[in-house]
Amino acid sequence: MTADRAIVALGNPYRRDDGIGPALVDRLREEGLSSVDCLDLGDAGFELVHVVADYDAVVIVDAVDFGGDPGEIVVFDPADPETATGRRGTHGTDPFELLEVASRVADTNPSIRVVGIQPAETGYGDGLSQPVSDSLPAGCRTLRATVRSL
């Protein structure tokens, strides 16, 4: 940990659009965000609970099926039940459930947002679908703006 804020990617790049989180974090690392740690946790599970406890502010980026158009980006506040209800990640770990666990076991109270990108395809395969790939520049802008706002 080198910063007090982090952007954390969840997802599996071998499940098509589920790899959007790691793809975005790779781009942000190349750009070099100052004072923000960029982490790729893959299918993190409870590792996410420990990471959340280590920072003052965390932005999680993941493919989230919220019923939008493929590539659409939404920022969720997990503390707001209206925005987090019914939102689910596209892989075995559900970031919203893990954040509930983190809030119960961690002694810290970090600011957290989830940047969700609507996937088109999450079956096994390499590469992002075209609409999700097209959302990469907007995803980077959204992540930078969201982490700076916390």
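Note that the structure is a prediction, hence the values are computed from the model and not measured.

**Brief notes about the pattern of salt bridges**
Next, step 1: Scanning all chains against the criterion turns up five salt bridges.
Next, step 2: The salt bridge involving R29 is made with D26; its shortest N-O contact spans 3.5 Å. A residue pair is termed a helical-turn pair when its members lie 3 or 4 positions apart in one helix, as R29 and D26 do in helix α1 (residues 20–31) at three residues.
Next, step 3: The class for R29 is partly exposed, based on a relative accessible area of 42%.

**Things to note about the packing of aromatic side chains**
Two measures describe an aromatic ring pair: the distance that separates the ring centres and the angle between the ring planes.
Next, step 1: Across all of its chains, the model carries one aromatic pair by this definition.
Next, step 2: When the centroid spacing of 5.9 Å and the interplanar angle of 70° are considered together, the rings of F66 and F76 count as edge-to-face. Taken together, the residues F66 in the loop between β3 (57–65) and β4 (73–76) and F76 in strand β4 connect sequence positions 10 residues apart. Of the two residues, F66 and F76, both sit in the buried class.
Next, step 3: Taking the ring centre of Y124 as reference, the NZ or CZ of R15 above it sits at 4.4 Å.

**Overview of the packing of α1 against helix α6 (residues 136–149)**
Next, step 1: Closest axis-to-axis distance for the α1/α6 pair is 10 Å, and the angle between their directions is 70°. If you check the angle between α1 and α6, you find them roughly perpendicular. Facing I20, A23, L24, R27, L28 and E31 of α1, the residues of α6 in contact are L136, P137, G139, C140, L143 and R144.
Next, step 2: In the contact of α1 with α6, the residues fall into eight nonpolar, one polar and three charged.

Conventions and cut-offs
- Numbers given for residues are sequential positions, taken from 1 along each chain in its written order.
- Side-chain atom pairs in this predicted model are given and counted only at pLDDT of 80 or more, local residue features only at pLDDT of at least 70, and totals for whole chains, interfaces and linings cover all residues.
- Note that the side-chain values use all heavy atoms of the structure and ignore hydrogens as well as water.
- A pair is scored as a salt bridge if a Lys or Arg side-chain nitrogen falls within 4 Å of a carboxyl oxygen belonging to Asp or Glu.
- Helix and strand assignments come from DSSP, with helices taken as H or I runs of at least 4 residues and strands as E runs of at least 2, each series counted from the N terminus.
- Any residue under 20% of the maximum accessible area for its type is buried, any over 50% is exposed, and the rest in between are partly exposed; the area is computed with a 1.4 Å probe on protein chains only.
- Whether two aromatic rings pair depends on their centres lying within 6.5 Å, for rings of Phe, Tyr and Trp, where Trp uses its six-membered ring; planes under 30 degrees apart make the pair stacked, over 60 edge-to-face, and the rest tilted.
- Placement of a positive charge over a ring is assigned whenever Lys NZ or Arg CZ falls within 6 Å of the ring centre and within 35 degrees of the normal to the ring plane.
- Orientation is described by lines fitted to C-alpha atoms, with helices fitted over the stretch in contact, and by angles between N-to-C directions that extend from 0 to 180 degrees.
- Angles are sorted into four bins: roughly parallel if under 35 degrees, roughly antiparallel if over 145, roughly perpendicular if 65 to 115, and oblique for all others.
- The criterion used for residue contact is that any of the two residues' heavy atoms lie within 4.5 Å.
- Charged means Asp, Glu, Lys or Arg here, nonpolar means Ala, Val, Leu, Ile, Met, Phe, Trp, Tyr, Cys or Pro, and polar covers whatever is left, Gly included.

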